[in-house]
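Reading the structure
As a plain string of letters, each chain reads:
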Amino acid sequence: MPYPRDAPLPRAEPAEVGVSAHGLRRLDDALRDEIDRRLIPGAVLGVARRGRVAHLATYGYRDAAAEVPMTLDTLFWAASMTKPLTVATAMTLVEGGAIALDDPVTAHLPELAGLEVGEAVGADLRRVPLARPLTLRHLATHTAGMVEGFLEGSPVHRLYAEAFGNGMTDLDGAEFLARIARLPLFNQPGALWHYGFGIDVLGLLLERVSGGPLRDLMARRLLLPLGMEDTGFGLRPADTERYARPLAIDPDTGAPQALPDLGRARFDSGGAGAVTTAGDYLRFAAMLVAGGALGDATVLRPGSVAEMTRDQLGPGVDVSRIGGDEPTLAGYGFGLGVAVRRDGHAALAGTPGDYTWAGAGGTYWWADPRRELAVVLMTHTPALPARRRHRELVRRLVLAALID
C-alpha cells in the first residue's frame, strides 16, 4: 500500500522521541541568523526520530531577491542526493533477481566490453587490461574508476573533463555511454575510492534491464510507494515557481553563483538529476532507518538496507580521497551510494554506522540507525565553504538536541 502523501510521517512532540524543544529552538535561531547575515537565502529542515517527525520547519526565502517566503513544498535540486535513490531502486531489482551486485557490467551493457585502465608513464598514458571484471558493486561504491574530471589533473582526469565538463551535459544516454566506453578508467576496479560517474552508468544499466526510463522505474519501485510524489528528474515548467533560488552572489567570495541548468539533461542522470522536497527526502531517509519500510509500504528488505549502509571498502582499498575530497567525511568509508561512518575518529560528530551523502547545490541529509534518527536540510548554497559550514552546524546542533 502506498504511503499517504499528505502524512509525511506521524508527528510527535519533541520530548516524546527524545529531542529537546529548547535544543531545536537553538537550531532554529542558528539558521535564522545565517539568513539574517545573508549567508543563505532560506532552508527547510526536517528531523525524524523513532519513525516520527520531531521538527519540520521553513526558514527565510524560496527566492530572496523577490522576497518569496520558503514553504514546505519548495523544490530543491537533489544533485548527488540522487545517488542513494538510484541505488535503492537498483536494490529492488537485486531482490527480484533481475540483477546482482557482482554481475559484470558488460552482462547488461556490452558496449563497455573494451574498457581499459589508464596508467601514466611520464607525460604519456598507457592503457592496460582490467585485472578483474567491472561490476555493479564497483559502480555503486565509486570504485569503478569513472572519475569526475574536474577533481584532479592527471591525464585520465583531463580526458574525462574534456568529455563531460562539469558533468551537466546535453548528451543522451547512448551518447554518454559511448563516451564512457572510449575513456580509460582511472584505476583497476575496486582498487580505490574516487567520486565519479559510476552511479550514472548504473542508472543507464537499470534502464537497459527494465526496458524503460529510470524515472518510471524509480517512481514505480520507490517514490510512489513512499508517497514521494514531488520527487522526479528535472524540473517541469509548471513547477518552476516552487524551485528555490540561491543567492545571486556567493557570500564568502563575492563571486556570482547559480545552479546548473537542469533543462540541458537529455537522460535521467542517476547520479545528479533529481529534484525533491525536504518532506519527500525525509520519508526516504526514515524508510532506510526503519529497515526498508514506511508505514504500510515496504520497498526494501532489511538485508538490502543493511547491504547499502555497510562499509563496502575493505582494508586493501585506498579511501584517502573520501576525506581528502570532502573534509567533513574524514573517518568515513563507503557503502552503496552512501558514505558510512567507521569506528574511531571522524571529522563530524556522530555514531559509527551513520550514513550520508550530500548535494552540490547545498542539500544535505544523514541517518543514524543506532539513534533511530533521520535529518534532512534543504537549501540552495552552491558554494563549497557554505555547504560545509551548514553541514557541520546542523549536525552539531541536532545531536546536541538529543536527550536520550
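To start, this report covers the structure provided alongside it. (Residues numbered from 1 in each chain as written. Predicted model: local features only at pLDDT ≥ 70, side-chain atom pairs only at ≥ 80, totals over all residues. Heavy atoms only, no water.)

This brings us to the overall build of the chain. Looking only at helices and strands, one finds eleven helices and 15 strands in the chain. Expected size for 404 residues packed as a compact globule is a radius of gyration near 22 Å; at 20 Å, the chain falls within 12% of this value. For the C-alpha atoms alone, the extent of the chain along its principal axes is close to 60 × 50 × 45 Å. Buried residues in the chain amount to 58% of all 404 residues. Partitioning the intrachain contacts of the chain with sequence separation of at least 6 by distance along the chain shows that 70% fall at a separation of at least 24. Surface accessibility of the chain: about 15500 Å² in total, with carbon and sulfur atoms responsible for 52%. (Helix = DSSP H or I, 4+ residues; strand = E, 2+ residues; numbered from the N terminus. Rg over C-alpha atoms; globule rule 2.2 N^0.38 Å. Buried < 20%, exposed > 50% of the residue type's maximum accessible area, 1.4 Å probe, protein only. Contact = heavy atoms within 4.5 Å. Areas by Shrake-Rupley, 256 points an atom, 1.4 Å probe, with all protein chains shown as cover.)

Restricting attention to buried positions, one finds in helix α7 (residues 214–223) the residues Leu214, Leu217, Met218, Ala219, Leu222 and Leu223. Check the buried side of α7 and you find it contacts α2 (82–96), α6 (198–210), β7 (232–233) and α8 (278–289).

This next bit is on the pairing of strand β6 (residues 124–128). In this structure, strand β5 (residues 117–121) lies alongside β6, joined through five bridges in antiparallel fashion. Pairing of glutamate 119 across the sheet is with arginine 126, part of β6. (Pairing = 2+ DSSP bridges.)

Let us look at empty space enclosed by the protein. One pass over the full model with this rule turns up two cavities of 30 Å³ or more. Roughly 40 Å³ of internal volume is contained in the largest cavity. For the largest cavity, the full set of lining residues is Val87, Ala90, Met91, Leu101, Leu136, Arg137, Ala140, Leu202 and Leu336. When residues of the lining of the largest cavity are traced back to their parent elements, those giving at least two are α2 and α3 (136–140). Looking at the lining of the largest cavity, its residues break down into eight nonpolar, no polar and one charged. The computed volume of the second largest cavity comes to approximately 30 Å³. Partitioned by chemical class, the residues of the lining of the second largest cavity number three nonpolar, six polar and no charged. (1 Å grid on protein atoms, 1.4 Å probe; cavity = no way out; pocket = protein on both sides within 12 Å on 5 of 7 lines; lining within 4 Å. Points joined across faces, edges and corners; volume = space filled by probe spheres on them. Nonpolar A, V, L, I, M, F, W, Y, C, P; charged D, E, K, R; others polar.)

This part covers the sheet that holds strand β14 (residues 364–368). Spatial ordering of the open sheet is given by β3-β2-β1-β15-β14-β13-β12-β11, a layout of eight strands whose pairing is antiparallel. The open sheet has two edge strands, β3 (68–69) and β11 (332–334), and neither has a second partner. Across six bridges, the pairing between strand β1 (residues 42–49) and strand β15 (residues 373–378) is antiparallel. Residue pairing for β15: leucine 45 is matched across the bridge by leucine 377.

The next point concerns the side chain of histidine 55. Relative to the helices and strands, histidine 55 resides in strand β2 (residues 52–63). Taking the relative accessible area as the measure of exposure, histidine 55 reaches 11% and is therefore buried. Once residues within four sequence positions are removed from consideration, histidine 55 is found in contact with Leu24, Asp28, Leu45, Gly46 and Val47.

The next subject is the pattern of salt bridges. Side-chain pairs of opposite charge can arise where the charged atoms are in close proximity. Inspection of every chain in the model, using the stated rule, returns 27 salt bridges. Close ionic contact of aspartate 230 with arginine 242 constitutes a salt bridge, the shortest N to O distance being 3.2 Å. Taken together, the positions of aspartate 230 in the loop between α7 and β7 and arginine 242 in the loop between β7 and β8 (274–276) put the pair twelve residues apart, joining distant regions of the chain. Residue arginine 342 pairs with aspartate 311 through a salt bridge whose shortest N-O separation is 2.5 Å. Pair noted here: arginine 342 is in the loop between β12 (339–341) and β13 (355–356) and aspartate 311 is in the loop between α9 (302–308) and α10 (320–325), with a separation of 31 residues, a long-range link. Given the relative accessible area of 25%, arginine 342 is considered partly exposed. Residues joined in a network through salt bridges with shared partners are Arg62, Asp73, Asp230, Arg236, Asp239 and Arg242. (Salt bridge = Lys/Arg side-chain N within 4 Å of Asp/Glu carboxyl O.)

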